[in-house]
Amino acid sequence: MTTIEKIAPESAAGRPGKSARPALRDRLSRWDVKYSPYLYVAPFFIVFAIVGMFPLLYTAYVSLFHWKIGDDDPSFIGLDNYTALFADDQFWNSVLNTLSIFVLSSGPQIVIAVLLAAMLNMRLRGRTGWRVGILLPYAASLVALSIIFSNLFGPQFGLINNVLEGLGLDRVDWQAGRLPSHFAIALMVNWRWTGYNALIVLAAMQAIPKELQEAAIVDGAGAIRRFVSVTLPLLRPTLIFVVITSTIGGLQIFTEPKLFDAQPGSNNGGSTNQFQTVTLYLYQSAFENFNLGYASAIAWVLFLLIIVIALVNFLVTRRLAQTSGGKKWL
Amino acid sequence: MAVVPQFLRRTGTTTNRIGRPNFLVYGLLIAFILGSIFPFYWSGLVASRDNSVLTDHLPPLLPGGNFFHNAARVFDTVPFWKALGNSLIVAGTVTLTTVLFSSLAGFAFAKLRFRGKNGLFVFIVVTLAVPTQLGIIPLFIAMSKLGWAGGLQAVIVPNLVTAFGVFWMRQYTVDAVPYELIEAARVDGCSMFRIFWNVCLPAVRPAAAVLAMFTFMTSWNDFLWPLIVLDAGNPTIQLALEKLQSGYYVDYSLVLAGTTLATIPILIVFLLLGRQIVAGIMQGAVKG
Amino acid sequence: MRQIRKGVLIAVGLAMTAAVTTACGGSDNAATPAAAGPGEKVELTVATFNQFGYEDLYPEYEALHPNIKITPRKTGDSGQYHQELITKIAAGSGLADIQALEEGHLSDIMDKSSKFNDLSKIGPADANADRWLPWKYDAGKDKNGRLIGYGTDMGPLAMCYRTDLLAAANIPTDAASLSAMFATWDSYFAAGEQYVSKSGGKAWFDSAAQNFNAMVNQLPVGYLDTSDKLTIESNPGIKSAWDKVTNAVAKGESAKLTAFTPESTAGFKASAFATKVCPSWMLGTVKEAAGPENAGKWAVTAAFPGGGGNWGGSYLTVPTQSKHPKEAAELAAWLTAPEQQLKAFKAQGPFPSQVKALASPELQSETNDYFGGVHAGQLFAEQAKKVNKPQYKGPGDGQIQQNVAGPALKSVEQGTSAADAWNQFVAGAKKITK
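It should be emphasised that the depicted structure is a prediction, and the values quoted were computed from it without experimental measurement. (Residues numbered from 1 in each chain as written. Chains lettered and ligands numbered in written order. Predicted model: local features only at pLDDT ≥ 70, side-chain atom pairs only at ≥ 80, totals over all residues.)

It is not clear to me how the overall build of chain C should be interpreted in this structure. Could you clarify?
Secondary structure summary: chain C contains 21 helices and eight strands in total. Over its C-alpha atoms chain C spans a radius of gyration of 24 Å, differing by no more than 12% from the 22 Å that the globule rule assigns to 434 residues. Based on the C-alpha atoms only, the size of chain C along its principal axes is roughly 75 × 65 × 45 Å. The proportion of buried residues among the 434 residues of chain C is 52%. Contacts spanning at least 24 positions in sequence make up 76% of the contacts within chain C whose residues lie at least 6 apart. (Helix = DSSP H or I, 4+ residues; strand = E, 2+ residues; numbered from the N terminus. Rg over C-alpha atoms; globule rule 2.2 N^0.38 Å. Buried ≥ 20, exposed ≤ 12 C-beta atoms within 10 Å, placed from the backbone. Contact = placed C-beta atoms within 7 Å.)

Explain the overall build of chain B here, please?
Helix and strand counts for chain B stand at 14 helices and zero strands. For chain B, the α and β elements follow one another from N to C terminus as α-α-α-α-α-α-α-α-α-α-α-α-α-α. Going through the 288 residues of chain B one by one, you find that 52% of them count as buried. Pairs at least 24 apart in sequence give 74% of the contacts found in chain B among residues at least 6 apart.

Explain the domain arrangement of chain C to me, please; I cannot follow it from the model alone.
Many descriptions give the size of an interface as the accessible area lost when the pieces come together. All names here are of chain C. Domains assigned within chain C are domain 1 (28–155 + 312–364) and domain 2 (171–273 + 396–432). If you average the C-alpha positions of domain 1 and of domain 2, the two centres end up 32 Å apart. Every contact between the two is made by four residues of domain 1 and, on the other side, six residues of domain 2. Its residues placed into classes, the side of domain 1 that touches domain 2 shows no nonpolar, three polar and one charged. (Domains from an automatic or database assignment. Nonpolar A, V, L, I, M, F, W, Y, C, P; charged D, E, K, R; others polar.)

In this structure, what is going on with helix α6 (residues 142–153) of chain A? I would like to understand it.
An α-helix turns once every 3.6 residues. As a result, residues three or four positions apart point the same way. Residues and elements named next belong to chain A. For α6, with twelve residues, the first-to-last C-alpha span of 16 Å sits near the 16 Å given by 1.5 Å per residue. Most of α6 is tucked away, with eleven of its twelve residues classed as buried. Regarding α6, the residues found buried are V143, A144, L145, S146, I147, I148, F149, S150, N151, L152 and F153. (Expected span 1.5 Å × (residues − 1).)

What is the right way to look at the interface of chain C and chain A in this model?
Of the residues lining the interface, 26 residues belong to chain C; the matching set on chain A comes to 22 residues. Mapped onto the side of chain C that touches chain A, the elements with two or more residues apiece are α4 (78–91), α13 (262–269), α20 (397–413) and α21 (418–432) of chain C. Take the side of chain C that touches chain A: its biggest share by element is seven residues, from α20(C). A breakdown of the residues in the side of chain C that touches chain A according to their chemical character gives nine nonpolar, twelve polar and five charged.

Explain the interface of chain A and chain B here, please?
The partner chain B presents 91 residues to the 87 residues of chain A that form the contact. When residues of the side of chain A that touches chain B are assigned to their parent elements, the largest contribution, 19 residues, is made by helix α2 (residues 20–62) of chain A.

Please explain the domain arrangement of chain B as it appears in this structure.
Structurally, chain B comprises domain 1 (20–65) and domain 2 (80–287). Of the residues contributing to the side of domain 1 of chain B that touches domain 2 of chain B, the split by class is three nonpolar, three polar and two charged.

So what exactly am I meant to see when it comes to unusual backbone geometry here?
One can expect most non-glycine residues to show negative phi and most peptide bonds to be in trans. Within the chain, A:N273 stands out as a residue other than glycine whose phi angle is a positive 55°. Within the secondary structure layout, A:N273 lies in the loop between α12 (255–260) and α13 (278–287). Even without being a glycine, C:F260 presents a positive backbone phi close to 65°. Residue position: C:F260 is located in the loop between α12 (236–250) and α13. The class of C:F260 is partly exposed, set by 18 C-beta atoms lying within 10 Å.

Quick question: what am I supposed to make of the packing of helix α3 (residues 80–111) of chain B against helix α7 (residues 163–176) of chain B here?
All names here are of chain B. In contact at an axis separation of 7 Å, α3 and α7 are set at 50° when each is read in the N-to-C sense. Judged by the inter-axis angle, α3 sits oblique to α7. Remark: the crossing between α3 and α7 carries right-handed chirality. Contact residues: T98, S102, S103, A105, G106, F107, F109, A110 and K111 in α3; G165, V166, M169, R170, T173 and V174 in α7. Grouping the constituent residues of the contact of α3 with α7 by class yields seven nonpolar, six polar and two charged. (Axes fitted to C-alpha atoms, helices over the stretch in contact; angles between N-to-C directions. Parallel < 35°, antiparallel > 145°, perpendicular 65-115°, else oblique. Left-handed = near helix turned anticlockwise from the far one by under 90°.)

Even after reading the chapter, I still don't get the environment of C:I238, so can you show me in this structure?
Residues and elements named next belong to chain C. Secondary-structure assignment places I238 in helix α12. In the structure, I238 is positioned 122 residues away from F116 in sequence and 32 Å away in space, judged by C-alpha atoms. In this structure I238 touches V216 and I232, once residues within four positions along its chain are discounted.

What should I look at first to understand the pairing of strand β5 (residues 275–279) of chain C in this one?
Each regular strand carries side chains that alternate between the two faces of the sheet. Residues and elements named next belong to chain C. Burial within β5 is extensive, with five of its five residues counted as buried. Burial along β5 is two-sided: the residues T275, V277 and P279 and K276 and C278 are all buried. Pairing analysis gives five bridges linking strand β4 (residues 149–162) to β5, with the strands arranged antiparallel. Each bridged residue has a counterpart across the sheet, and for L157 the counterpart in β5 is P279. (Pairing = 2+ DSSP bridges.)

Just checking my understanding: could you explain the confidence of the model for chain C for this structure?
Detailed conclusions should not be drawn from predicted coordinates in areas where pLDDT is low. Residue and element names in this part refer to chain C. Overall, the predicted model of chain C reaches an average pLDDT of 87, with 91% of residues at or above 70. In the model, residues 1–34 has pLDDT below 50 throughout and makes 39 contacts with residues more than four positions away in sequence or in other chains. Interface confidence for the predicted complex, given as ipTM, is 0.85, next to a pTM of 0.86. (pLDDT = per-residue confidence, 0-100.)

Would you mind going over the environment of B:G165 with me for this structure?
Residue and element names in this part refer to chain B. On the secondary structure map, G165 appears in helix α7. The class for G165 is buried, based on 28 C-beta atoms found within 10 Å. Residues G165 and F214, 49 residues apart in the sequence, show an inter-C-alpha distance of 9.5 Å. The contact partners of G165, leaving out residues within four places of it in the chain, are T98, S102, L211 and T215.

Now the structure itself:
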């Protein structure tokens, strides 16, 4: 007995009488289980090492210097960029704008996206057509977007104001005031991204077995009840995904406010920075004021801010999706 | 199992007698679609007429006949077909690799056990929060040092696999691929990769289709980085469109004709992939 | 079956990646050899934006110099172009052999002038101070007297006005009246006040920022003095210009449009304003924006408040990143020679800044039908001569004009008080020059 075990020591099942071959296969199999996950996640980390890590470290490094673009000999100033940032009114203004636009856009967007997905999940006619239709805004080229939206929101000759006037209401200078501009930008953002998020939720909804829904119908649950008690809890991983990515995307909003500005190509976020977001301020500091060190500090502070808020949203979503599923759907 | 006979269903707020969506649903959807499509319709209007439409008090309702004339001008002014080809190569490659590698990593994070799994995953999600605007400068330095600056590889390699893709596929795979199936495949002696290929991939097809659409579109519309890193003779479609804006006075109908033309390939990709967002392949497998 | 098809897909994808990585050639800088012997082809890249009119000139030069191959890089939008330029300076690679540079961004480059070659040293001898108008040539020099750029075009200022709108408001438009009306900024704004009341509230000019920029450019000292200190608070000229313009806005003289936007085009079509500050390159914009229905209604006069001025114009520079600086400088000098600049003018309209070109008969006889057949070439050539004192533009000058003054004036047009907007203006300028 001991001899047999010595001959085939690797045989995990301990089957006596086997030769070395299955032992190798067992070993390969165990290696497969143990190491293949690392192989599978490796591509991301390899690409990241080349194109993600270096920019990250570079930005962190630069933020500790008084580094102007084209500077050959920047001076080390430690955390001075960061302290200056916290005393900077324009920075806090941009944080306020970012949070305001974020709330105005992401909140309604997620709700509408989930409702849209629920509707698209039904037995509609021409399903593919509807799905393509809601994603169409995301396909718009940025060049076209700036022309379209500046024409929609133009204060004097814009389409929306013309319609408002036609209805007997006042014209609104969308680009002038803080709140009107936030509404307009939130509208742009929602127009562009709601369909995107709806499709994500839809894909997840499609994975929910129909039998669960049918059983609920048999038990007498109406559509809304079914939705809240059956669908939502099963969507939890996807909802978490949508909330986190929307939070991150929403706090990093850059394209829409930049395209919205009356002055083309401006990074100012309006004549009094009324809709300048943090990323716009970052971009302005780097490419207009040529202050690379300061811009890098802004980038890192924004990063920390996003992590904090995303974490909060994540915990809230996890809790919400939990309690709604706590009750049985009956 | 419980296939509900149609006569048992109630007429609900959103469904009619036979369980199909009622007018409320269709109405809401139509309203949403109209809002989504309107800017495209309007830009098509301008592209098929001329600039004067921009300034009309209320836009005309019907397209004019100028589109083909404007389109011809687009082809003359910029290297449209070459840029289109470049964009197809870039977007196509990036989409294929992103979907493949993201599914692979998503499978690993969702279903496999290994040391450091949670830490690595959180790391990936956290990288999403890094603002990318400043990355242009160091990335350009990196690309130059590697000798890739100017060619399409500089646009492809940084996008080969994205944190977004990995995150998304992992969330979807968590629920979509039941453990029982994987166990069954293991017992049958499948290697990890075969399990991924034969069990996981078919189950996550809808999510993969969605990811493919998003990745293709994001790559297609990418502007800032290709502008910096690509050679003038090697543009992608967005860069070619940008050239339509030269001159102090911009011919908006020309620009919008160009963007309309550039959106057509995306529509084709949509239609092809849109039908894939249908699950149900693995639904019955566990029960059986 | 399905497995095989999927496998094929993946293989195709990987093959494409491989093909792209190997086949698509590397960067333009890395591969080119540093020194080209006789008979070897030298490739020069020329980066421009907007419309320089060089398309036909490149083959002409290549025919004259068979060993040179020119690869143009054209970007549509000036803003994008300059952002790319700055990024590549920061990255230390990727610039073309010849990079165009707009006047507004010249000040951004001057404190990085060590990254550009001194063209007076490496360029041909005949590309010297005699070729250009003195102020144009001098503006291309950095603090140490190194010549960073060869001048290409310029934008001499004149005043465009709507003959029909002024006539409808009973304002005389004969030459003498125009001279009197547009003699100084005070008389210009006063005439505007008259126009507003006589026309029942129509606007006199399109945008406050356009006038303000013209006024500031005429001052002896601009936003920064020669020691690169911000003068905004001590410079009486800037404050007085600000006050005049904001008063005019308060009196309803501004149509509150932003230049180069669809709204501005709409404003032209809607005849929203009666006069406009017009550099030479603006004529084409007016023609396109106002459209054929307004042909002959716009006119241009040499009477310009404060005499004259310049807005716009570019330079050709040769960055130190270039591997063939001498050949690049020769090409740049050839492109900016009077003969070539005239050809570019005929092709796309950039107005020459070279002395011989300004005096040439082709330029002098150039007429503009849209503006009522006026001898536009002669008019602007005369205006060009009136620009004599170059204003020193320190680092950040262009930024202040574009990104601080512009928005501050816009906010006044949107309703902010002039005093608040002034504070914003000062604060913004200080931030840039910190």
